[in-house]
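# Breakdown of the fold
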Number of protein chains: 4
Amino acid sequence: MLDKEIIEKMLKVANEAEDNAFIFKSNHSFGAAVLTDDGEIYGGCNVDGVISGMGTCAESSALNHAVVHGKYNIKAILVVDEKEFIFPCGTCLQYLVQFYQTTNKEIEVISAKQSGEYQSKLLHELLPEAYHSVTFDQKLKSFINK
Amino acid sequence: MLDKEIIEKMLKVANEAEDNAFIFKSNHSFGAAVLTDDGEIYGGCNVDGVISGMGTCAESSALNHAVVHGKYNIKAILVVDEKEFIFPCGTCLQYLVQFYQTTNKEIEVISAKQSGEYQSKLLHELLPEAYHSVTFDQKLKSFINK
Amino acid sequence: MLDKEIIEKMLKVANEAEDNAFIFKSNHSFGAAVLTDDGEIYGGCNVDGVISGMGTCAESSALNHAVVHGKYNIKAILVVDEKEFIFPCGTCLQYLVQFYQTTNKEIEVISAKQSGEYQSKLLHELLPEAYHSVTFDQKLKSFINK
Amino acid sequence: MLDKEIIEKMLKVANEAEDNAFIFKSNHSFGAAVLTDDGEIYGGCNVDGVISGMGTCAESSALNHAVVHGKYNIKAILVVDEKEFIFPCGTCLQYLVQFYQTTNKEIEVISAKQSGEYQSKLLHELLPEAYHSVTFDQKLKSFINK
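Residues numbered from 1 in each chain as written. Chains lettered and ligands numbered in written order. Predicted model: local features only at pLDDT ≥ 70, side-chain atom pairs only at ≥ 80, totals over all residues. Heavy atoms only, no water.

### Looking at the interface of chain A and chain B
Stated precisely, the cut-off is as follows: Should any heavy atoms of two residues lie within 4.5 Å, those residues are considered in contact. Each of two parts loses accessible area, computed with a 1.4 Å probe, when they are put together; buried area is these two losses added. As used in this structure description, the phrase polar contact means that two N or O atoms lie within 3.5 Å; if the pair is within protein, one of them must be able to donate a hydrogen and the other to accept it, and residues adjacent in sequence are counted only when both atoms belong to side chains. Numbering of helices and strands runs from the N terminus; a helix is a DSSP stretch of H or I covering at least four residues, while a strand is a stretch of E covering at least two.
Contact residues are listed per partner, giving 40 residues for chain A and 40 residues for chain B. Between chain A and chain B the total buried area reaches about 3,300 Å² when both faces are included, carbon and sulfur atoms providing 70% of it. When the area that chain A buries against chain B is broken down by residue, the three leading residues are Phe22, Phe24 and Val68 of chain A, summing to 20%. In this assembly, chain A and chain B are joined by 12 residue pairs in polar contact (both at pLDDT 80 or more). Every element with two or more residues in the side of chain A that touches chain B is listed here: strand E2 (41-45), helix H2 (58-68), helix H3 (90-103) and helix H5 (137-141) of chain A.

Shown next, in the form of structure tokens:
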């Protein structure tokens, strides 16, 4: 499990991202941060969609933020809510599985409150029967050395 | 219309982002860049999804990248393909409409090849009967001063 | 263009589907109907998503309804709104392109009010620079004889 | 848990739906069936998307199929794969939570092979930290009597 110092850094990035959430429908802002294998942290926030099926969660936004910088090796993800312990939704958990398949290393998933309290679980505790692609497994693994 | 110098800067960002595309299913990488009202440029690349309905286009990734930095005021978007002039898909065009509703200023959409050739159109030329939200219009507009 | 009689049949199916819309976030119900090459009509309604990126539009729901019955040969789609002429969003237009690629025949897109008034356009008028897959073109075409 | 007879009926519907899967990218067809509180069964199949983020899983397609018929009271869902036990992906599990919130009754999730073998789990075993909407809870519950 990650030590407190790095989680506090992630929380800071997630809190800053949350301030930028583009919400007009849900009235619920979220911030997230991903930690990559080389110690970089990328933030994400949620975006509502006018249209059903449009928009993104903070966690997926943070993952895409890492990808834009060429990082696919995700060690941990943190999501922050004002007052409650909230873990990533099923969609974001399944999205994380793509990154898990790249490295084959379990991903730590941290739920934090703005106050700094947090809980930590493993990706496969949260999605025990996750779908793993057999067809694309080798291609996913090829990103570890990219 | 934007002048050539700024488009070349956008193209550079889009090309760099394209190199980071997380693709394993489509074999087609895309890069994109958005230009905000204050002159900042944010890149994006596509991400395939193992699951149908998962993943993102380069253009939406670039828009979310701008949002994470608190930018909702999108002036232009550029998408680059290796050899063809490709414009954003319908989903990304509709997503752009949310940003259009924020500023009420037409968004320029540029299709570029890696060679540097480009074509330019306006968002509403590409999606002439776009859906504009009446319900959320005021909330969307509130982001202009955020 | 379709004659009035068939459009009225489509409108009836779309109106019935709209009554079943699963909405709790947008407060805006939509109904849709698709007409297949063999004269069948399938309805669809919108579903809101608690999560950003979840849920479906009425038009995509109607298309999936046709697919479940083994129909990929879409001749026309109609969307109904209570009082306004609304055309499918960019996402649904792009989704329609997959069905267009299967048959290579232009798809008629009808916007109707509950009162029965309607307007008709062609798919490529609504999405003039639609993305057409080169990679999957032959596989899409193979569904015409399925 | 459901008895074998009803599961066999669901499997039959899911197998028929699977034959209609609109796939051209993943080469992996899935079929699904949902059982509603009044004993009706609705099928669904997966649809690939040319564009990342487009397309649907069989399970979501089956749920939307039920909704079009005005059914929100989902008792169980079954997904069938040719040879493996596969459970719904995280997105479909999260989508199921919307229907769970409507009835407040646990949903049974069945993974079946075409041969007829099956395994059964509960929704919250598969997504133990699922996101439940507080904001929309009452509106979701209102669909139980619709």
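### Side note on the relation of the copies chain A and chain B
The condition is simple: Fitting of the copies onto one another was done by least squares over C-alpha atoms, counting residues only where both copies have pLDDT of at least 70.
Least-squares fitting of chain A to chain B yields an RMSD of 0.0 Å, with the transformation described by 0.0 Å of translation along the axis and a rotation of 180°. These values place the two chain copies in the arrangement generated by a two-fold rotation axis. The C-alpha atom lying nearest the rotation axis in chain A is that of histidine 65 of chain A; the distance is 3.1 Å. A share of 100% of interface residues in chain A that are also interface residues in chain B marks the association as one of identical surfaces.

### As for the confidence of the model for chain A
The cut-off we apply is this: pLDDT: the predictor's confidence for each residue, scored from 0 to 100.
On average, chain A scores 96 in pLDDT, and the residues at 70 or more come to 100%. The complex prediction reports pTM at 0.97, with the ipTM value standing at 0.96.

### Let's talk about the environment of leucine 96 of chain C
All names here are of chain C. Along the chain, the position of leucine 96 falls in helix H3 (residues 90-103). As for leucine 96 and asparagine 73, which are separated by 23 residues in sequence, their C-alpha atoms are 11 Å apart. The residues contacting leucine 96, other than those within four sequence positions of it, are Leu63, Ile77, Ile107, Val109 and Leu123.

### Section: the side chain of histidine 28 of chain A
Tracing the backbone through its elements, the reader meets histidine 28 of chain A in the loop between helix H1 (4-18) and strand E1 (31-36). The residues touching histidine 28 of chain A, leaving out its near neighbours within four places in the chain, are Ile23, Asn46, Asp81 and Ile86 of chain A together with Tyr131 of chain D.

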